[in-house]
Amino acid sequence: MISRTRLCFAATAFAFFFGCLALEAQPQDVHPVRSGVMALPLNGAWQFRYLAGSAPGEDAGFHHPSFPGAGAWKTIPVPGHWELHGFAEPKYAQVVEGLGLYRRTFRTPAAWKGQRIFLRFDGVLYGFEAWVNGRSVGAWGSSYNPVTFDVTDAINAQGDNLLAVQVTTRNQGFDFDINDCWALSGIYRDVTLFAVPAAHLKDYTTRTTLAADGSATLSVEVVVSDTARVTGRLLSPQGKLVQEFPITLGTDCRGAASIPVAKPQLWTAETPSLYRLELSLQGAGKNTQTVNAKIGLRQVTVVDGVLQVNGSPIKLRGVNHHDIWPNEGRVATEALMRRDLELIKAANINFVRTSHYPPHPRLIELCDELGLYVMDEVPFGFGDSHLKDPAYQDNLLMRARATLMRDKNHASVIVWSVGNENANTPLTFATGEHVQKLDPTRPICFPQVGSYFERSHGELPASVDIYAPHYPVVRTLERYAEQLKRPVIVTEYAHALGLATDRIQDEWEIMQASKHIAGGAVWMFQDQGILRTADQPTDLAKPSLFAWPDAKHYYDTSGNGGMDGIVYSDRTPQTDYWQVRKVYSPVQIKERVLTTGAGSQSLTLTVENRFDFRALTGFKLAWALEKNGAPVKKGTVALQAGPRSSETVSLGLKIPGDFDKNFYALTVRCLDERGQSIHERSVRLESGAQQTALDADLRASLARGKVDLTETATEFRVGHPRFVVTLNRQTGALAIRTPSGEVLAEGVFPHAGRRFTEAEALRAKTTPVWSDSMLRNPTGLETEAIQLETGVSVDVRGKYPRPGSPDQMLEGRYTLLVTPSGTIEIAYDYVPVSATGALLEAGAALLVPAGATEFRWIGQGPFAGYPGKDRLNEFGRHHLHRDDLNFQGNRRGVELALLTNPSGSGLLVSTQSADVAVETNSEGTVLSHNAILSGRGNKGVGPETSFKVDDVKHITGKFTVVPLGPDWPNSLARWFGKPGKSAVPARPFYRSYDQ
């Protein structure tokens, strides 16, 4: 018997790193009680003192009930972070510092008499020691793992008890817990005191084995603290009794039972069926303890290099998730977690990687209930300097065991991730082996930096079930699909820095088609921003890296360090969210364009079911034939395609005879059993002659008038009854004005860049990137204007230097043809000269006054679209206000675009299914026709579609501009409706980055 012997745990599996503690202060395996009369939550206001150093100094005796100084301490909420309550400055991914001293009192209920009493901490950043009534009851050194101590002998059954906790930021392994997020500190998860009988449930383990005939066997293993009679009951998801069963304990107080289930309702993310398991302990003829748990019957296997659930291959449409919220930091609540997971589910995501630690326990429970696969991560990363130091091995084993002990009975957890982006060392391999020994029913992986994985994945032992590389480009992922024979989960890909989820649509199709690639997880779900108050109101004239809910408050993402979510910090969806939702949709419709004509006919759509387990029975395809954005006929069709299969749907329609003079589309929505849409598609209906007919109809509806050319030594002036075009022959400045002199647009300027996203700004630090939306200072200018029978032709030639690099330039010309019908035909052709670097966009641009707030177009929308990031949009008629969060950017497949003031005055651009972009600045809105368009790229990686300017021979294109007044021509009013209605802007922020 060594219960009172003083031991030092530095070299044991429970290395607490606070010196020596009594043996009874070891962490205990005991099933926690979270609610009811036997649980006492200790959350709330605690006395608190923050010390900037690492030693308590004169407060060293703070844990004694007689300590005299605590009465003057401030209070802090538990759970909470001392940085978010004004005690220290928050830091992002940096070395944390400081010491936190906590005190509070409590009384135990009278009903606890004769029970064992335990103290549980669900999470403390970073390490801590706890005292009850001045007696040390335990210490712990893993921030994201729970720990429970037996405090029975330290409790005063009558009167007040003092609980004191010293939280340090310098325990062994603290730097494992600072992983690419805000390095916040303190007691941030629940603290609970609970009581159980002397003979109580310490642990239980459930495992499911499936048979070839479809039946299942549930294995239940229990560990009890002392001799007891144990029985169990299994109830179906509908609450019906499946079986009652005894569990006979051995002399070691361990026991097991096997429960056959003939027709199991198996758990998957698509069918999250949960049984209820009841375990009861009896003594002296009565129940002394009952534990209830929701469990899912499911089996995870790897067969022939394929990841399977319940014997079927699965695809993981994933995202990484941090426990971080703007006001709360890492303090999770039911409402916050549920909101996150509901947003995740609504984006057609079925897989969450808990980067880089086990999350709040309720989040895993919600994944069980809502239906999400989880990769649960053993918390260690960014500690490479320790991973060859044997002194850290027990720390790693402790973290692994604590992670598995808490979450091993959750059906949603299908893979254990052993750390994040660590090197292959004997310590990391031993930790992986420990995980497999503790739980042989789930595969493991070691997520690794892509370049390191390339060099070293051959070192991974065969026991590492899954490869987990980070951030492969498309060609690398294609090679992995061909060469790697173990399952692959790309645990981080398509890094969403700013608005930069390039690659996801192309890489997902590779994953979808690959036998061995099970899926991947976009980095990441949310921007990691905390709400801060600025010293001064933000200056709208200056750039900002933050999203501001108002002029004085902003979501601090530590520059762009945490600016990598598909939703903003407050969970407002970004365009990236809608891209993910469309790419990950488990129902896909192949067609985007159908060639057809007027009359009765059958239109056929191909519907692909990408669900792994469920047929589309119960789903409907709701369709509408739309004319100029308005439905003219609607209907629904029942779907029935089996999992991982396709079906064709034929729709009998009569298309009106005015087909060639209007914009027609077939819009479809896939509705699930609840009537919620999980996928939308708008199929452009067109004929070979339709674009010509539309253009002819527009021109025919324009009022004709005489076009006059007047010329002076400094200016060309082209007059039309509805507008005037002037060109300064010395500067090349062109203006389109109303007859009364109001400027409708200025230009035409060579367009040679765009406003950078944060990912592009990072790239520009190492790669020369053209950034100017307009090149406005030509040299060697030559101009010419000619009166023709068809109108007036204006020709402008010159050299347009790159700002800051005058030896680099675009050289060429643009021409205008102003016609009697009031169209301005613009053609341009520029050649790069002595130019280097990358072009993000190139074409021709006009500058439109800021008063032209209404942007309408027919084409792909409503969001900006680029190569590698255009799956989120659909064909249709769209309308956005200049102040809308999603206003700026390129639109693809544009046929008509209008930029006008609310009364309708402005410009119309007509083009052949082109890329047309809008970008705001202090002068107005840059309206660009793009002949060259690159992708967005990801953090640190250029886009898949990119252009080196020295490889570009010509930048050429053409489009038509029509100046508009409040009275729109008939065809335009038919296509867009009458002017005068302003779009209501979506303005969730006062201002935001990348906007």
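Definitions and cut-offs
- Residues numbered from 1 in each chain as written.
- Predicted model: local features only at pLDDT ≥ 70, side-chain atom pairs only at ≥ 80, totals over all residues.
- Heavy atoms only, no water.
- Helix = DSSP H or I, 4+ residues; strand = E, 2+ residues; numbered from the N terminus.
- Rg over C-alpha atoms; globule rule 2.2 N^0.38 Å.
- Buried < 20%, exposed > 50% of the residue type's maximum accessible area, 1.4 Å probe, protein only.
- Contact = heavy atoms within 4.5 Å.
- Lys, Arg positive; Asp, Glu negative; His and termini not counted.
- Charge placed at Lys NZ, Arg CZ, Asp CG, Glu CD.
- Axes fitted to C-alpha atoms, helices over the stretch in contact; angles between N-to-C directions.
- Parallel < 35°, antiparallel > 145°, perpendicular 65-115°, else oblique.
- Left-handed = near helix turned anticlockwise from the far one by under 90°.
- Nonpolar A, V, L, I, M, F, W, Y, C, P; charged D, E, K, R; others polar.
- Pairing = 2+ DSSP bridges.
- Salt bridge = Lys/Arg side-chain N within 4 Å of Asp/Glu carboxyl O.
- Core = buried A, V, L, I, M, F, W, Y, C linked by side-chain atoms within 4.5 Å.

**Notes on the overall build of the protein chain**
For step 1, the next point in the chain: Within the protein chain one finds 11 helices and 59 strands.
For step 2, the next point in the chain: Expected size for 995 residues packed as a compact globule is a radius of gyration near 30 Å; at 33 Å, the protein chain falls within 12% of this value.
For step 3, the next point in the chain: Its C-alpha atoms give the protein chain principal-axis dimensions of about 110 × 65 × 50 Å.
For step 4, the next point in the chain: Taken over 995 residues, the protein chain has a buried fraction of 60%.
For step 5, the next point in the chain: Pairs at least 24 apart in sequence give 71% of the contacts found in the protein chain among residues at least 6 apart.
For step 6, the next point in the chain: Each charge class in the protein chain was averaged separately, 102 positive and 104 negative side chains, and the resulting centres sit 4 Å apart.

**A word on the environment of Ala551**
For step 1, the next point in the chain: When you line up the elements, Ala551 lands in the loop between strand 32 (530-533) and strand 33 (553-556).
For step 2, the next point in the chain: Beyond its immediate chain neighbours, meaning those up to four positions away, Ala551 contacts Gln536, Pro537, Thr538 and Tyr990.

**A short note on the packing of helix 7 (residues 504-513) against helix 8 (residues 575-583)**
For step 1, the next point in the chain: Interaxial distance between helix 7 and helix 8 falls to 10 Å at its minimum, and their mutual angle equals 25°. It follows from the interaxial angle that helix 7 and helix 8 lie roughly parallel. Along this stretch, helix 7 crosses helix 8, giving a crossing that reads as right-handed. Residues Ile504, Gln505 and Trp508 of helix 7 pack against Gln579, Val580 and Val583 of helix 8.
For step 2, the next point in the chain: Partitioning the contact of helix 7 with helix 8 into residue classes produces 4 nonpolar, 2 polar and no charged.

**Some details on the pairing of strand 38 (residues 630-638)**
For step 1, the next point in the chain: Pairing analysis gives 8 bridges linking strand 37 (residues 620-627) to strand 38, with the strands arranged antiparallel. In the strand pairing of strand 38, Lys620 is matched with Ala638.
For step 2, the next point in the chain: Remark: 2 residues form the turn of the hairpin made by strand 37 and strand 38, two consecutive strands paired antiparallel; Asn628 in that turn has positive phi of roughly 50°.

**Considering the pattern of salt bridges**
For step 1, the next point in the chain: Summed over the entire model, instances satisfying the criterion amount to 54 salt bridges.
For step 2, the next point in the chain: In this structure, Arg233 engages Glu278 in a salt bridge whose closest nitrogen and oxygen atoms are separated by 3.0 Å. Pair noted here: Arg233 is in strand 17 (residues 229-235) and Glu278 is in strand 20 (residues 275-283), with a separation of 45 residues, a long-range link.
For step 3, the next point in the chain: Across the pair Glu874 and Lys582 runs a salt bridge, and its minimum N-O distance is 2.7 Å. Residue Glu874 is located in strand 54 (residues 874-881), and its partner Lys582 is located in helix 8; the two are separated by 292 residues in the primary sequence.
For step 4, the next point in the chain: Note on Glu874: relative accessible area 10%, which makes it buried.
For step 5, the next point in the chain: Shared partners join several salt bridges into a network, and the residues in it are Lys294, Glu334, Arg338, Arg362, Glu365 and Glu369.

**Some points on unusual backbone geometry**
For step 1, the next point in the chain: Residue Pro79 is reached from Val78 by a cis peptide bond, and omega for that bond is 5°.
For step 2, the next point in the chain: Structurally, Pro79 can be placed in the loop between strand 5 (74-78) and strand 6 (99-106).
For step 3, the next point in the chain: Along the chain, Trp523 connects to Met524 via a cis peptide bond; the corresponding omega equals -10°.
For step 4, the next point in the chain: Tracing the backbone through its elements, the reader meets Met524 in the loop between strand 31 (517-522) and strand 32.
For step 5, the next point in the chain: Backbone geometry places Ala284, a non-glycine residue, at a positive phi of 55°.

**Considerations on the sheet that holds strand 22 (residues 300-303)**
For step 1, the next point in the chain: With antiparallel pairing, 3 strands are arranged side by side in an open sheet as 22-23-24. In this open sheet, the two edge strands, each paired with only one partner strand, are strand 22 and strand 24 (312-313).
For step 2, the next point in the chain: Summarising the sheet, strand 22 and strand 23 (residues 306-309) pair through 4 bridges and their orientation is antiparallel. Residue pairing in the sheet places Thr301 in a bridge with Gln308 of strand 23.

**Some details on the nonpolar core**
For step 1, the next point in the chain: Residues Ile344, Ile349, Val435, Tyr493, Ile504, Ile566 and Tyr584 are the most contacted members of the largest nonpolar core, which totals 59 residues.
For step 2, the next point in the chain: Ranked by residues supplied to this core, first place goes to helix 1 (residues 334-346) with 5 residues.
For step 3, the next point in the chain: Those residues within four positions of Val435 in sequence are excluded, and the remaining contacts are Val378, Ala400, Leu404, Trp416, Val418 and Ile444.
For step 4, the next point in the chain: Core analysis: the second largest hydrophobic core is formed by 52 residues, Leu727, Ile736, Phe887 and Val918 among them.

**What about the packing of helix 1 against helix 2 (residues 361-370)?**
For step 1, the next point in the chain: Across the interface, helix 1 lies against helix 2 with an axial gap of 10 Å and an inter-helix angle of 40°. When the axis of helix 1 is compared with that of helix 2, the two are oblique. Once helix 1 is placed against helix 2, the crossing between them reads as right-handed. The segment helix 1 lies against helix 2, with Glu334, Met337, Arg338, Leu341 and Lys345 engaging Arg362, Leu363, Leu366, Cys367, Glu369 and Leu370.
For step 2, the next point in the chain: Grouping the constituent residues of the contact of helix 1 with helix 2 by class yields 6 nonpolar, no polar and 5 charged.

Everything listed here is a matter of coordinates, which is why it stays silent on function.
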